[in-house]
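Reading the structure
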Amino acid sequence: MLRRRDFIRDGLAGATAVLITKYACLPARAADATDSHIEILPEEVLGTISPNIYGHFTENLGGVIYDGIWVGEDSKIPNVHGIRSELVDEMRKIHAPVIRYPGGCFADSYDWKDGVGPASSRPHRTNFWADSEEPGGEASHKYDPNRFGTNEFTQFCKLIGSEPYLAANLRSLPAEDFYRWVEYCNSPAGSTTLADLRAAGGSAEPFNVKFWGVGNESWGCGGNFTPQEYAAEFRRFTTWAPRYGQKLSFIGSGPNDDAWNWTRGFFEELVRKGKQEVRSVYGWALHYYAWNLSRGRTNNWFEGKGEALKFDAVDWYELLRQGDVMESLIEGHWQIMGENDPEHFVKLVVDEWGPWYKPGSELTPHNQLEQMITLRDAVFSGATLDTFNRHPEKIAMAACAQLINCLNSLYLAHEDRFCVTPVGHVFGMYAAHQGGQAVRANFSAPNVSYVRDGKPATFWGLKGSASIHAKDLVLTVVNPHVSEARAAEITVRGTRFGSGTATTLTSSDIHAHNTFEQRDAIVPATKNVQANAKVFAYTFPPASVTKLAIALD
């Protein structure tokens, strides 16, 4: 198995800087040399981009919680009440809006009562993922010490300014336990025995948790239900829960990929009791991972995956092609939801998304499902976030899988070492879209042409999303071509460009990635731009993600 060191190149950071400089902003008079066009239409508002689209997912899986987030109060690693300080600092920078916990499949066997009360008396339990752990891994990854529970998670959210999103166990716990978890989290100080228990854990005031996942992947590890069976369970679990003066947002366990029948079957059964039942659902969770890089040769979950580090240009495009499926999934499930919810009261919640590779690229040995994050994943993530931005009326929330030491992670950490991945940098760039008015942007660019197993193939040449904040424009653009820059003429209908900044993440090596030893091998570069014209010409480097933040006159 090819390891990470085989792709670390000397002088990579310097090469990145040279590349950014080479493709500097072009003056407007160079527009006749452009091969691409971007037209922004401020009057065509698509909706407000919910900050919650930029959410994250933390599951007690491998090194996500223990070593990633939680290091312990007595650790020599800098921490805030046991939570890794450097992670807190980085997440504040990206304005992380919402965090999903404790799973994932882990939630389907988790009893929240194990993670409350005095730490010394909390039980050790077998982790859902125990059978997948390799020999030599951390004991806390196989047997959950429950040191990180509801109090610690909500404290983590408070430290970084995020809303907690709790995924309830519908498979192996009764509805009463769901009710009591809401009571534990939200009942007023001193009002109930569970409020007193919460206070004994250090939090007298309620957590005011608003977002509640009613099960997880209930078509599979979360109960292996039919959609009709799950709809009945959803109604039962949500029929009554204490509000304590706050509206609760219940999120249903939605489809995997293009499981149209799961969505249709759930909503048909849900409204059997009456059309008003859709009002009990805040969001419908969609899960989609880009994993099959076999180019159609197999649908086997293990054999079809590609390598995180060892890939060629065709593999690069194939992953992006897999990611592009997200748009059709959003549109397809939205249409089916509308059959029984014509007013579209229920929104989509894409709370698991990202690439999934074969094992072998782990920065920390034995960290289950950890994979190295390269420039390819940054481009994939930028394109996915742009897709979400283009559908603000459909998507209320999303969660990248997962935050740290796992699949499409923003951060990697082990003991006292830490680094931000290229995906982490993309989230930092795209945070500027949060709360903006998404507006239509038309892209025209030459397609990428390549040879796919001896046959010609094409892929789009330039895509992105645009949002307006008062008189400021945020435009994010992905150039997927591994070797060709795109010189674009950019216009905004009805106004002129002023001055602003351009931030680009790219590298001369498509395999570029950060490690504990080379934390800044690939980082964004920002420069000032002076447009001051109706037409703005900009050249987007190959294999890049760019954010233009420009004032409009």
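In this report, the structure presented in the accompanying data block is examined. (Residues numbered from 1 in each chain as written. Predicted model: local features only at pLDDT ≥ 70, side-chain atom pairs only at ≥ 80, totals over all residues. Heavy atoms only, no water.)

**Looking at the overall build of the chain**
Going by this rule: The way it works is that DSSP assigns letters per residue, a run of H or I at least four long becomes a helix, a run of E at least two long becomes a strand, and they are numbered from the N terminus. It is over C-alpha atoms that the radius of gyration is taken, and the globule rule equals 2.2 Å times the number of residues to the power 0.38. Accessible area is worked out with a 1.4 Å probe on protein chains only. A residue is then buried under 20% of its type maximum, exposed over 50%, and partly exposed in between. In this analysis, two residues are considered to be in contact whenever any of their non-hydrogen atoms come within 4.5 Å of each other. Note on areas: Shrake-Rupley with a 1.4 Å probe; residue coverage comes only from the protein chains shown.
Per the secondary structure count, the chain includes 11 helices and 25 strands. The C-alpha atoms of the chain give 23 Å as radius of gyration, which agrees with the globular expectation for 553 residues (24 Å, within 12%). In terms of overall dimensions, the chain has C-alpha extents of about 70 × 55 × 45 Å along its principal axes. For the chain, the proportion of its 553 residues judged to be buried stands at 61%. Considering only residue pairs separated by 6 or more positions, the chain has 78% of its internal contacts joining residues 24 or more positions apart. Counting every atom, the chain has about 20800 Å² of accessible surface; 49% of that belongs to carbon and sulfur.

**Looking at the nonpolar core**
Formally: The nonpolar core is taken to be a set of buried Ala, Val, Leu, Ile, Met, Phe, Trp, Tyr and Cys residues, with the residues joined through side-chain atoms within 4.5 Å.
Grouped together as the largest cluster of nonpolar side chains are 124 residues, with contacts concentrated most on Trp-212, Trp-353, Phe-388 and Tyr-411. Per-element tally for this core: the top contributor is helix H9 (residues 313-340), with 10 residues.

**A word on the environment of Leu-248**
With respect to the secondary-structure elements, Leu-248 resides in the loop between helix H7 (227-238) and strand E10 (249-252). For Leu-248, a relative accessible area of 5% corresponds to the buried category. Taking C-alpha positions, Leu-248 is 39 Å from Pro-524, a pair spaced 276 residues apart along the chain. Beyond its immediate sequence surroundings of up to four residues, Leu-248 is in contact with Val-182, Asn-186, Val-209, Lys-210, Trp-212, Ala-241, Pro-242 and Arg-243.

**Digging into the packing of aromatic side chains**
Two descriptors summarise a pair of aromatic rings, namely the distance from one centre to the other and the angle between the planes of the rings. In plain terms, the rule: Ring geometry is summarised as follows: Phe, Tyr and Trp rings, the Trp one being its six-membered ring, pair when their centres sit within 6.5 Å, and such pairs are stacked at plane angles under 30 degrees, edge-to-face over 60 and tilted between the two. Geometrically, a lysine NZ or arginine CZ counts as sitting over a ring once it is within 6 Å of the ring centre and also within 35 degrees of the ring normal.
Scanning the entire structure with this criterion turns up 34 aromatic pairs. Judged by centre distance (6.3 Å) and plane angle (5°), the rings of Trp-112 and Trp-181 are stacked. Of the two residues, Trp-112 sits in the loop between strand E5 (98-101) and strand E6 (125-126) while Trp-181 sits in helix H5 (residues 175-186), which places them 69 residues apart along the sequence. Judged on exposure class, the residue Trp-112 and its partner Trp-181 are both buried. Stacked on the ring of Phe-57, the Lys or Arg Arg-100 has its end atom at 4.6 Å from the ring centre.

**A short note on the state of the cysteines**
Here is the rule we go by: Only a pair of cysteine sulfur atoms within 2.5 Å counts as a disulfide in this structure description.
Inspection of every chain in the model, using the stated rule, returns 1 disulfide. The disulfide bridge from Cys-105 ends at Cys-221, spanning 2.4 Å between sulfur atoms. Between Cys-105 and Cys-221 the sulfur-sulfur dihedral comes to about -80°; the bridge is accordingly left-handed. Taken together, the residues span a long stretch of sequence, with Cys-105 in the loop between E5 and E6 and Cys-221 in the loop between strand E9 (211-214) and H7 at a distance of 116 residues. Overall, the relative accessible area of 21% leaves Cys-221 in the partly exposed class. The thiol sulfur of Cys-157 is not disulfide-bonded, and the nearest other cysteine sulfur, from Cys-185, lies at 11 Å. Cys-185 gets classed as buried once you look at its relative accessible area, which sits at 0%.

**So, the sheet that holds strand E1 (residues 36-48)**
For clarity, the threshold we go by: Strands pair, by our definition, only if DSSP identifies at least two bridges between them. Interaxial angle, 0 to 180 degrees, is taken between N-to-C directions of lines fitted to C-alpha atoms, where a helix line uses only the stretch in contact.
What the 9 strands build is an open sheet, ordered E23-E22-E25-E20-E19-E16-E1-E21-E24; its pairing is mixed. Every other strand in the sheet has two partners, leaving strand E23 (525-533) and strand E24 (535-540) as the edge strands with one partner each. Across the sheet, the axes of successive neighbouring strands diverge by a mean angle of 25°, strand direction being ignored. Running at roughly 135° to strand E20 (residues 472-479), helix H10 (residues 375-389) makes contact with strand E16 (437-444), strand E19 (463-469), E20, strand E22 (497-505) and strand E25 (544-552) of the sheet. Sitting on the sheet, helix H11 (residues 422-430) is in contact with E20, E22 and E25, with an inclination near 165° to E22.

**Overview of the side chain of Lys-305**
This is how it is decided: None of His or the chain ends enter the tally, which takes Lys and Arg as positive and Asp and Glu as negative. Salt bridges are defined as contacts in which a side-chain nitrogen from Lys or Arg sits within 4 Å of a carboxyl oxygen from Asp or Glu. Polar contact criterion, stated in full: a pair of N or O atoms within 3.5 Å, where within protein one must be able to donate a hydrogen and the other to accept it, and residues adjacent in sequence count only if both atoms are side-chain atoms.
Tracing the sequence through the fold places Lys-305 in the loop between strand E11 (283-290) and H9. Put simply, Lys-305 is tucked away with no salt bridge, and the nearest opposite charge, on Glu-303, sits 11 Å away. Among the polar contacts made by the side chain of Lys-305, one reaches the main-chain carbonyl oxygen of Trp-301 at a distance of 2.7 Å. In this structure, Lys-305 is in contact with Trp-291, Trp-356, Tyr-357 and Lys-358, ignoring residues within four places of it in sequence.

**Side note on unusual backbone geometry**
Following Gly-103, the chain continues into Gly-104 via a peptide bond in cis, with omega recorded as 10°. Residue placement: Gly-104 occurs in the loop between E5 and E6. Look at His-366: it is not a glycine, yet its phi comes out positive at around 75°. Phi at Ala-543 is positive, roughly 50°, even though this residue is not glycine. With respect to the helices, strands and loops of the structure, Ala-543 is situated in the loop between E24 and E25. Overall, the relative accessible area of 1% leaves Ala-543 in the buried class.

**Here we look at H5**
Given 3.6 residues per helical turn, the α-helix brings residues three or four places apart onto the same face. Rule in force here: Here the expected length of a helix is defined as 1.5 Å per residue gap, with one fewer gap than residues.
The end-to-end C-alpha distance of H5, which contains 12 residues, comes to 17 Å, matching closely the 16 Å that a straight helix rising 1.5 Å per residue would cover. Counting buried positions along H5 gives 9 out of 12 residues, so the element sits mostly inside the fold. Ala-175, Asp-177, Phe-178, Trp-181, Val-182, Glu-183, Tyr-184, Cys-185 and Asn-186 are the residues of H5 that are buried. At its buried positions, H5 is contacted by helix H4 (150-160), strand E8 (163-168), helix H6 (193-200), E9, H7 and E10.

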